[in-house]
Amino acid sequence: MENQWQQFVEFIKPRCSKAEFQNWIAPVQYIKSNNQDTVVVPNIFVKEYLLDNYKDILIVFFPSDKKGNPVINFSIKQNKIIKKAPSAEKKPKKKAEFQQDIVFNISYTFDNFIEGPSNQFIKSAAQGVASRPGKSYNPLFIHGGVGLGKTHLLHGIGHHIVQNLKNKRIHCITTEAFINDLVYHLRNKSVDRMKKYYRTLDVLLVDDIQFLQNRLNFEEEFCNMFESLINQNKQIVITSDKPPGQLKLSERMIARMEWGLVAQMGTPDLETRVAILQYKAESMKLTLSNDIAFYIAEHIYNNVRQLEGAINRLSAYCRLMHLKPTQDVVDSTLSEMFQSPICSKISVDRIIYSVASMFNVRENDLRGTSRAKEIAFPRQIAMYLAKELLGDSLMKIASAFGGKTHSTLLHAWKKISLRLESDEILKRKVQITKQSIEG
Ligand code: ADP
Ligand code: MG
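So, here is what we can say about the structure in this document. From a predicted model like this one, the values you see are computed outputs, not experimental measurements. (Residues numbered from 1 in each chain as written. Chains lettered and ligands numbered in written order. Predicted model: local features only at pLDDT ≥ 70, side-chain atom pairs only at ≥ 80, totals over all residues. Heavy atoms only, no water.)

## Observations regarding the pairing of strand β7 (residues 235–240)
For clarity, the threshold we go by: For every residue, the accessible area (1.4 Å probe, protein chains only) is compared with the maximum for its type, and the residue is labelled buried under 20%, exposed over 50%, or partly exposed between those bounds. Counting from the N terminus, the helices are DSSP H or I runs at least four residues long and the strands are E runs at least two residues long. Strands are labelled as partners when DSSP assigns at least two bridges between them.
With six of its six residues buried, β7 lies for the most part within the structure. With burial as the criterion, each face of β7 is covered, one bearing Gln235, Val237 and Thr239 and the other bearing Ile236, Ile238 and Ser240. Sheet analysis places strand β4 (residues 140–143) next to β7, joined by four bridges and oriented parallel. If you follow Leu140 over to β7, its bridge partner there is Val237. Here strand β6 (residues 203–207) runs beside β7; their pairing, made up of four bridges, is parallel. Across the sheet, the residue bridging to Val203 is Gln235, located in β7.

## Notes on the site of ligand 1
This is how it is decided: We call a residue near a molecule or strand as soon as one heavy atom of that residue lies within 4 Å of the molecule or strand. In protein, a polar contact requires one atom able to donate a hydrogen and another able to accept it; more generally it is a pair of N or O atoms within 3.5 Å, and residues adjacent in sequence count only if both atoms are side-chain atoms. Note on areas: Shrake-Rupley with a 1.4 Å probe; residue coverage comes only from the protein chains shown.
Residues in close proximity to ligand 1 total 18 residues, the closest being Gly147, Lys150, Thr151, His152 and Glu308. Measuring from an oxygen atom of ligand 1, one finds a side-chain N or O atom of Thr151 at 2.8 Å. Within the side chain of Lys280, an N or O atom sits 3.0 Å from a nitrogen atom of ligand 1. When ligand 1 is considered free in solution it has 560 Å² of accessible area, and contact with the protein chains removes 94% of it. Of all the secondary-structure elements, those providing two or more residues to the shell around ligand 1 are α7 (150–164), α12 (270–283) and α14 (304–321).

## With respect to the environment of Thr287
Within the secondary structure layout, Thr287 lies in the loop between α12 and α13 (290–299). Judged by relative accessible area, Thr287 falls into the exposed class, the value being 67%.

## Overview of the pattern of salt bridges
Threshold: A pairing counts as a salt bridge when a side-chain nitrogen of Lys or Arg comes within 4 Å of a carboxyl oxygen of Asp or Glu.
Counted according to the given criterion, the structure contains twelve salt bridges. Across the pair Glu308 and Lys280 runs a salt bridge whose closest N-O atoms are separated by 2.6 Å. Within this pair, whereas Glu308 is found in helix α14, its partner Lys280 is found in helix α12, the two being separated by 28 residues in sequence. Taking the relative accessible area as the measure of exposure, Glu308 reaches 27% and is therefore partly exposed. A relative accessible area of 16% means that Lys280 is categorised as buried. Linking Arg362 and Asp365 is a salt bridge whose minimum nitrogen-to-oxygen distance equals 3.3 Å. Here the salt bridges share partners, and the residues they tie into one network are Glu227, Arg252 and Arg256.

Printed below as a string of C-alpha cells:
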C-alpha cells in the first residue's frame, strides 16, 4: 500500500463529523521512511482516541496482530522532533521539548457536561478549581468507573483555564504519557530539565493515575513532582478509576492525594441518563421522543460512553435507512448493547430492614416522618444507600420512603456522602450494612 494513512483518512472523512475530523484526524501526520512508516500524533490522547474509536476501520487499512489490534507505528510529535535532530540542535529548547499542543477534546467542556445528582457536586468542585486554581481544593482527586465523564471534566477544567486565565501555565497529561516522558528523559539524562519544566507549571492535570500502580521508580518521581507543585500552591487535578486508598501505591503517595478533595463520579440515575441521551441526540439532529429516550436509558445504565455509542449507532442507522427512531428500530439496532435489567434482590424494603437492624430503630420509623435525631439520621443513611445501590429513578426511590420528595432524598445523600469522607466509624457501619443488604 502506498499510503495507508491517507487511504484511511479518505475513507473516514465523509463518515465522521467535522469536529471529530478536525480534532482527531487532521492533526495527525504520516511519515514514510525506508524501513518503517510512522503515524505521528500530537499527543497520547489522539493515539488512544484513534485506537478506541476506529480500531475496526484501521485494521482494514493497516495490518493487524493476532488479537485483531491494528499494528501501527505511532510516535508522539515532540519526541519525534527531538530525536530527529540530535546533532543540529543538541540542546533543544525547554519549550519545544514539553510544549504539547494541548488538544483538549473540543466537546469536553463544562457546558456540554450534563448535570445530575451523581455528578453535580464534582462538577461544581471542578468549576471551582478552574476559576481559582490552587486556591480551593488542592489536589482535586476525581475517581469513578469507566465512561462516566472523568476525562470530560478534566478537559473541562483545561478549557476553562485556557480561555479565562491566559497567563496560567497548564499541562494536561495521561499517566502513561507522563511515564513515557520520564523514560525518554531518563534515557537522555535530562530528567532535571523535565523536573524544572514541571515545576514552572501553574496547573497540572493528570488523567488515569491508576497506571502508576506497580511502577515503583516512576511513582517516586511523580510524588516528588507532586509535592513540589503542591508546596507552591500550584493546582493539581487527578483522575483515577479507584479512590486513593484502593490504589496500589505507596502510603506517601496515597496520603498526598488525599490532602485535598476526593470526590466520586457516580453512575447517572435514570433522569440524568435520559437528559444525556436527549442532549446527544439533539446535537446529532436526531429527534428522540421521551418514551424512546427512557426506553434506551433503562437498558443502558452504567456507562455514559455506551449511551453515546447507542445514540451514534441509532442516528447512523436512521439516517441511512430513512427511519424514525421507534421502539422497533431501537430494538433491532441496539438490543445487543442492552444490559440485562438490574435483576437484584435489593429493594428499598431490604435496605430499610438492614439499616433498621444496624442502627436499632424500627422499620416503620424509617418510613415515617419523625425528625428526632435517632431516627432521622438512620433514615438519611437508608436514603443514601438506596440511591447508591438502586439504579432506579430518584423520584421512585423517594416515594418508597413513605412518599418523601426527590429533594429530601438528595439532601440526605449529600449530607451522608460528606459525612462519610471524614467519619471512619460511620463509614465502617455503612459498609457493614451494605454487605448485609447485598448478602
Ligand atoms: P471516563 O474518563 O470517566 O472513562 P469520559 O470522560 O471519557 O469517561 O466520558 C465518556 C464519554 O461520555 C465522553 O464522550 C463524555 O463526553 C461523555 N460523558 C460522560 N459524562 C457526561 C455528562 N455528564 N454529560 C455529557 N457527556 C458525558
Ligand atoms: Mg478517562
